[in-house]
Amino acid sequence: MNPLQPVGMILGTKDSAPLEFWVGVNEGQMLQLDDLVVVKTRKPLEGTNEFISFYGVVDSVRKLHEGVQFDSDTRLALEGTIPVNVSYAAHVIVTRVDPEEFVPPHPGDEVWHAIGKELEMALYQDRMESVMPAGVLRNGQPAYLNFAFLNGENGAHVNISGVSGVATKTSYALFLLYSIFNSDALGLEKSNSRAVIFNVKGEDLLFLDQENSKFKDREAKQSAARGLPHDRYTACGLPATPFQDVQFLAPNIGTEGVITHGSSQRGQGIVPYLWTIKQFALERLLPYCFADRDASLNLGFLIGQIEERLFKLAAQQDSSTPHILVDDWSREDIAEIDENIEFNSLGKAKLTSFTQLIAYLEYKLIEQNDGEGDPRWSGKQPSGTRQAFVRRLRGVVKHLNPLIRGDLEASRAAGYRPDPMRNQLSVVDIHGLHSHAQMFVVGVILKQLFEDKERKGRTPYVFVVLDELNKYAPRDGESPIKDVLLDIAERGRSLGIILIGAQQTASEVERRIVSNASIRVVGRLDPAEAERPEYRFLPGAFRMRSGILQPGTMIVSQPEVPSPVMVTFPFPAWATRRDEVKDMPTTREEAEKKAADWLS
């Protein structure tokens, strides 16, 4: 196949229209699905020598015997009994007409592969002021995203859908993140922009700063299988290195003065995270203990009432201490509930654990005043609502106890509050947490980011990678974390918070989150899911093919390009699991020394 020769011509036996046409493929040439082509036709005006260029993508190809009438004629043709010709034709959907004069191309006009500047025209890259690589096209050329539709200037957010295990959603989200920080898209904002990844599956994302020992062999084989002359990082103009400036945060699992993380595969370089009782109250984190909202509005009112009382109680005390002091809980009352609570020299009870905090709230809402509770705390809500509040907190206390502590020295406790703005990339591990604790951590950290960006403005940018959106923002039901994600989807563009979200089924995710994503990406889909309305942005041929996509192949749609494009992305240069890392120490002693150095 010679790219310097025409690949075919406009067929005269099929209708040629301004938005679609058929190409008869020349002998010795080849057209396949996703190929980009260009045809130039002379303007149908007498005395003019001006041309109109049609750019398009192949969405269907077919071959047939010409001169046969019956199915059995095919065998006769193969035996040479009857003369036939083979017709090899491709259907092209027009993506751009330049200039915009919508007349049909003329039968017989030559059709060429779009390469170089013609390829840029076909994909509207000539109009993109700031671009970032999104992968490699079938012809080996890089595909780009218009960064203005990602950073909030013209649009924002990425949504990725696909079947778990074979759609490579997380891998592609990481590649996009790597492309953002290693291309020229961020410009002067590169050094100050940040990214947060929530690790929800195993410990695979805890090695992003390590070189992948299998990278060179795997990428060389995959590139060669696709007929590419070099690796895909080179094609995209990106370095092939692990992520730089990364911090790894894992939930604390220690109790009673001990702080430690529970990673079994990596000991070095991981810092445990938690919040103090005082931070829990001052930062108004109580609503995030509730994974969903009760059908009754009363519970929501009560949560707001308790949140405000806790805030006022903590605000009146020394902010440097991790615990909360209360003076209306007597030793006699505490003795009845069998809680080992300390008292200071002034006789005030010291709340140093989440369990003790819940016990205090139970006393204020249910036990005080002969079961009527303290009206300043209960807001005069009925007994059923107060009991439902306490019952729900009792259900999550064992999962949140290690994450909300008040038994540490103030100097130690302050350093363990997760700060996603400290490094360029923060990996927050939540995979080992109970679902209620996962919801709490994700909701609280997103709340921190949102409030921080409301104070600082649109730049520098913050990119948030979150898988399993159908869990955190389901189509049905309400929750505090869903509210935060909706805020990011609808207002994050103006604040510079960009959501790179993924899920198996977009049909089960809140519509406004999916619809606000400017960049839509699809890996392998379940055929039934592909027919849902959420995927109508894909032409029929792409929806059919989505069920057979191989790992590493994605369909990418962006607002400026009328038709989606199919790309592959490179094999990760960073380790994605422990056995891909070279000589990585994991002893507990090294982990503790690293954590101590990091805190100092």
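Residues numbered from 1 in each chain as written. Predicted model: local features only at pLDDT ≥ 70, side-chain atom pairs only at ≥ 80, totals over all residues. Heavy atoms only, no water.

**Here we look at the sheet that holds strand E14 (residues 324-326)**
Strand order in the open sheet made by the three strands is E14-E16-E15, with antiparallel pairing throughout. The sheet is open, and its two borders are formed by E14 and strand E15 (342-343), each paired with just one other strand. Alignment of E15 against strand E16 (residues 349-351), held across two bridges, turns out to be antiparallel. Looking across to E16, one finds that Glu-342 is bridged to Lys-350. (Pairing = 2+ DSSP bridges. Helix = DSSP H or I, 4+ residues; strand = E, 2+ residues; numbered from the N terminus.)

**With respect to the pattern of salt bridges**
Where charged atoms from two side chains of opposite charge come close, those side chains can pair. Taken as a whole, this structure holds 29 salt bridges when the rule is applied. Residue Lys-456 is joined to Asp-452 by a salt bridge in which the shortest nitrogen-to-oxygen separation is 3.5 Å. Placement of the pair is Lys-456 and Asp-452 together in helix H13 (residues 435-456), with a separation of four residues, close to one helical turn. Exposure remark for Lys-456: the relative accessible area of 53% places this residue in the exposed category. Classification of Asp-452 by relative accessible area gives buried; the value is 12%. One continuous salt-bridge network, built from bridges that share partners, spans Asp-328, Lys-364, Asp-374 and Arg-376. (Salt bridge = Lys/Arg side-chain N within 4 Å of Asp/Glu carboxyl O. Buried < 20%, exposed > 50% of the residue type's maximum accessible area, 1.4 Å probe, protein only.)

**Section: helix H11 (residues 383-400)**
A rise of 1.5 Å per residue sets the reference length of H11, with its 18 residues, at 26 Å; its end C-alpha atoms lie 25 Å apart and thus fit the reference within 8%. Roughly 30° is the biggest bend found in H11, and it falls at Arg-394. Every buried residue belonging to H11 is among Thr-385, Arg-386, Ala-388, Phe-389, Val-390, Leu-393, Val-396, Val-397, His-399 and Leu-400, and all of these are buried. Buried residues belonging to H11 abut helix H7 (297-315), helix H9 (354-367), helix H10 (375-378), strand E17 (404-405) and H13. (Expected span 1.5 Å × (residues − 1). Bend = angle between axes of the 7 residues up to and from the residue. Contact = heavy atoms within 4.5 Å.)

**Some details on the nonpolar core**
Where a protein is soluble and globular, its nonpolar side chains tend to be buried together. Core analysis: the biggest nonpolar cluster contains 93 residues, and Phe-198, Phe-280, Phe-389, Ile-430, Phe-440, Val-441 and Leu-485 have the highest contact counts within it. Here this core gets 10 residues from one element, more than from any other, and that element is H13. Once residues lying within four places of it in the same chain are set aside, the contact partners of Ile-430 are Phe-198, Asn-199, Val-200, Tyr-273, Gln-438, Val-441, Val-442 and Tyr-472. Ranked by size, the runner-up nonpolar core spans 71 residues in total, among them Val-136, Phe-147, Leu-177 and Phe-181. (Core = buried A, V, L, I, M, F, W, Y, C linked by side-chain atoms within 4.5 Å.)

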